[in-house]
Structures are given as C-alpha cells and as structure tokens.
Amino acid sequence: MSMERFANQNVLELVAYQPGKPIEETARELGLAPESIVKLASNENPLGPSPKAVEAITKAACDVHIYPDGAAFRLRTAIAELCGVEFDQTVVGAGSSEIIELVCHSLLNPQAEVVAARHAFSMYPIMAKLFGAKYVEVPNKPDWTHDLEGFLAAITPQTRVVFITNPTNPIGTVVTQEEIDAFMSKVPDHVLVCFDEAYREFSTNPPDTLKYVREGKNVIILRTFSKAYGLAGLRVGYGVAPANITAMLHKARTPFNSHSLAQEAALAALADRDHVRKTVENNAIGMRYYEEAFTAMGLEWIPSQGNFILVKVGQGKKVFADMLAKGVIVRAQDGYGLPEWIRISIGTPAENARCVEVLKEVL
Ligand SMILES: *Cc1c(COP(=O)(O)O)cnc(C)c1O
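Here's a quick rundown of the structure. No experiment lies behind these values; they were computed from the predicted model shown. (Residues numbered from 1 in each chain as written. Predicted model: local features only at pLDDT ≥ 70, side-chain atom pairs only at ≥ 80, totals over all residues. Heavy atoms only, no water.)

Structural notes on the pairing of strand S9 (residues 308-312)
Then, number 1: Buried residues dominate S9, accounting for four of its five residues.
Then, number 2: Across five bridges, S9 lies against strand S12 (residues 341-345) in antiparallel orientation. Residue Val-311 lies in a different strand from S12, and its bridge partner there is Ile-342. (Buried < 20%, exposed > 50% of the residue type's maximum accessible area, 1.4 Å probe, protein only. Helix = DSSP H or I, 4+ residues; strand = E, 2+ residues; numbered from the N terminus. Pairing = 2+ DSSP bridges.)

Some points on the pattern of salt bridges
Then, number 1: Tallied over the entire structure, the rule returns 19 salt bridges.
Then, number 2: Close ionic contact of Lys-312 with Glu-300 constitutes a salt bridge, the shortest N to O distance being 3.8 Å. Of this pair, Lys-312 sits in strand S9 while Glu-300 is found in the loop between helix H12 (273-297) and S9, placing the two residues 12 residues apart along the sequence.
Then, number 3: Among the charged side chains, a network of salt bridges with common partners joins Asp-274, Arg-277, Lys-278 and Glu-281. (Salt bridge = Lys/Arg side-chain N within 4 Å of Asp/Glu carboxyl O.)

Brief notes about the side chain of Thr-279
Then, number 1: Structurally, Thr-279 can be placed in helix H12.
Then, number 2: Apart from residues lying up to four places away in sequence, Thr-279 is in contact with Asn-45, Leu-47, Phe-202 and Ala-228. (Contact = heavy atoms within 4.5 Å.)

A few points about the packing of helix H5 (residues 96-107) against helix H6 (residues 123-130)
Then, number 1: H6 packs onto H5 with a crossing angle of 35 degrees between their chain directions and a minimal axis gap of 10 Å. Classified by chirality, the crossing of H6 by H5 is right-handed. Along its contact with H5, which presents Ser-97, Ile-100, Glu-101 and Cys-104, the element H6 presents Met-123, Tyr-124 and Met-127.
Then, number 2: Considering only residue class, the contact of H5 with H6 consists of five nonpolar, one polar and one charged. (Axes fitted to C-alpha atoms, helices over the stretch in contact; angles between N-to-C directions. Left-handed = near helix turned anticlockwise from the far one by under 90°. Nonpolar A, V, L, I, M, F, W, Y, C, P; charged D, E, K, R; others polar.)

A few points about helix H13 (residues 316-325)
Then, number 1: Those residues of H13 that sit buried are Gly-316, Val-319, Phe-320, Met-323 and Leu-324. Viewed along the axis of H13, the buried residues span an arc of 135 degrees, placing them on a single side of the element. Exposed and oriented more than 90 degrees from the buried face of H13 are Lys-317 and Ala-325.
Then, number 2: Where the residues of H13 are buried, they touch helix H2 (23-30), strand S10 (328-329), strand S11 (331-332), S12 and helix H14 (349-362).
Then, number 3: Immediately downstream of H13, the backbone of Gly-327 shows phi near 85 degrees, a positive value. (Arc of directions from axis to C-beta.)

Let's talk about the site of the ligand
Then, number 1: Around the ligand, 13 residues are found, and the nearest of them are Ser-97, Tyr-199, Thr-224, Ser-226 and Lys-227.
Then, number 2: The separation between an oxygen atom of the ligand and a polar side-chain atom of Ser-97 is 2.5 Å.
Then, number 3: Bound to the protein, the ligand loses 94% of the 380 Å² it would expose on its own.
Then, number 4: Of the residues that constitute the shell around the ligand, the class distribution is three nonpolar, seven polar and three charged. (Near = heavy atom within 4 Å. Polar contact = N/O pair within 3.5 Å; in protein donor to acceptor, adjacent residues only side chain to side chain. Areas by Shrake-Rupley, 256 points an atom, 1.4 Å probe, with all protein chains shown as cover.)

Overview of the packing of aromatic side chains
Then, number 1: As enumerated under the stated definition, the model contains 12 aromatic pairs in all.
Then, number 2: Centroid distance Tyr-124 to Phe-163: 3.9 Å. Interplanar angle 0 degrees. Geometry classified as stacked. One end of the pair, Tyr-124, is in helix H6; the other, Phe-163, is in strand S5 (residues 159-165), with 39 residues separating them in the sequence. For the pair Tyr-124 and Phe-163, a shared accessibility class is recorded, and that class is buried. (Phe/Tyr/Trp six-rings, centres within 6.5 Å; stacked < 30°, edge-to-face > 60°.)

Some details on the sheet that holds strand S2 (residues 90-93)
What links the strands of a sheet is backbone hydrogen bonding, and the strands pair in either a parallel or an antiparallel sense.
Then, number 1: Pairing in this open sheet of seven strands is mixed, and the strands run S2-S8-S7-S6-S5-S3-S4 from one edge to the other. In the strand order of this sheet, the two ends are held by S2 and strand S4 (134-138), each with one partner. Along the sheet, successive strands turn relative to each other by an average axial angle of 20 degrees, direction set aside.
Then, number 2: One ladder, built from three bridges, connects strand S3 (residues 113-117) with S5; its direction is parallel.

Put into structure tokens, the structure is as follows:
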C-alpha cells in the first residue's frame, strides 16, 4: 500500500530545497579530481574553518560517545556575552535553518500568514508551506532593497511571522537602522519579526536589532556559524529573542539538536576574531574584483553587502550549466524568480580569477 496517501498533504506538495551542487558529485560527473573543482555556490568560507575550531573538534572527537550538552551551556553563555543579552534569551540550533523551522513549527498553522520579501531565502516559503501557512511576498524597491513600508501594508490580523533578511540572500542589499526603527515602531505585536542576519559579519554598518530583544519586543535575531565562521558542515546557528520566545523554541526542538563537536567548534570560532577579520578582508577584496570584472565585461550586477554577488548573464541556467562543465559551480537563480541572473559566492583570489575566466569563456 502506498504510504503517500496517508501523508501530510503539505509535505507531499513541497518542492524540496535546492542546495548548491556538491563538489564530489560534480567531480564524479565530469570525471575530474575534486581538487580541480571550484565551488562558489553556497556562500561558504573560502578560507576554511578557524584552525582553532579544527583543534577543538579534534580534541572533542574522543568524547562523541557521550550525548552533547542539550542546553549548550557554554556556547549559549558565550553567545549571550557577545550579544549583551541574558543566557535564557538564546537558543542554539543545527544551523539557523533549524531555528527558522522551530519558529515556523511553533507559530504557523493553516490560518497563519508569513510575510517576506520577493526573492528571499527559499527556506521561508518551504517552511510556510510545510505548516500550511499562506506565504506573502512583498516586491522589493527599485534599488532591490526590502520595502518595509510594503511589509507593514502586507501584515494582516493573521500574520504571525515576518522575515527581514539583512543583508538579504541572494540579492545582498541591506535595510538601514532608520528603516528598521520606523518598521518596529509600527509593527503590530501579534507578529514575530525575524531578523535573519546570516551575513551580518560581511556588512559594513550592521544595524542594532538586539536592542529590540532587550526591550522585550516580539523579535528574534537569527545568526549562524555557517558563513563568516566557516562551520557550514557542522550545522550550528543561534537565535536571540526575549525569554518567553526562546522558551517556546526550546520546547519545539529535539533534546540534542546541536552536536557536541559543533558546540566546541563554535565556541573556538567565536573566540578567533582574527579568522573572521581575515575572512571579511578576503571578501572585500574579492567583491571589488568581481565588481570591476563585471563592469569591464558590460554586465549588470547588484552591489552586495554579503559574501556573494548577483550578476545578470542572460540565460542563468545555461550559463550555470556551461560553467559547471568547466568545473566551476555557481548558483542559477531561476528558483528564486531571477532566471537571467547567477549568484557567485566570493572565493579566494585564485578561485575568483578562475571563475571570471570561465564566465568569459561561456558568454
Ligand atoms: C545560509 C543562510 C542561513 C543559515 O544557514 P544555516 O547553515 O542553516 O545556518 C540563514 N539564512 C540565510 C538567508 C542564509 O543565506
């Protein structure tokens, strides 16, 4: 008997998240060595993890027969200190993706609505759909930034979750402190405002959103160790919110949702400010390189404050496939409603040069 007929209809109708193409899969398909593939598709840290994080993982490896600390005491203590909040205003997850899931699991149902920007991170519509909620997209302003006035207009009595991605992925634009403050002064309190700050470390003047946690507003700040901290493979991220909200999320999570090695590595990575600084410097150099290269090639691109850049290439899917055939993995954007664009993650200088060379060859 086919089990699907008993399945949750929302699950059956989901279109699964499309990750960046893995290096090993690409190498296998092209018959090339994995070392020869350049992957600039998932906004990973091109410098790798902090050496201190690697050391911490190695040390902790001998204890993996023991369950992790489900309360993530030391990591949450460090996060609370970093953010200037209380311990009980923090929650750790298997990537900030899991925190997004916990928020949606806690607050969404078929009567609820979610508001986010057009071309936003695809986990938001996936999670809205999973819990049967209505997903409302607000078009961006002509400069590709979130239209927070439009967000306010889209909020109804049924709205429960609003996602503000800052900087936003895949576009890379930011909203300012003034725009956020104006939004927060008007947003009704039956809405949880999620500030997704996965790329915060790369932006030049990140707004203060933690003050809204301290004021007890219905907000959650989502951050991750996957991007600037270089720990994407370990799956660790966190949320900061008023304690009544984190308490709700702690109920919704599985008891050991953040792994022991992930907790140790995240602690070590948090302490290694030098690695983050080098990462941000490398990113700024690479960003300038791409901007200049695209301008010289006569291609349109969008100024980005993330660790990736969108460039308009015509047939994005074809350019992606042609570049892939030459061993450079970028990200097509048709799934994000941007079929003429590709997104390139900033790599090392050598990776960036190879990427531009291959892009020139295929255009
Ligand atoms: C990468 C990313 C995340 C976090 O990913 P995790 O690896 O699950 O922490 C969250 N939001 C956005 C917009 C992202 O691009």
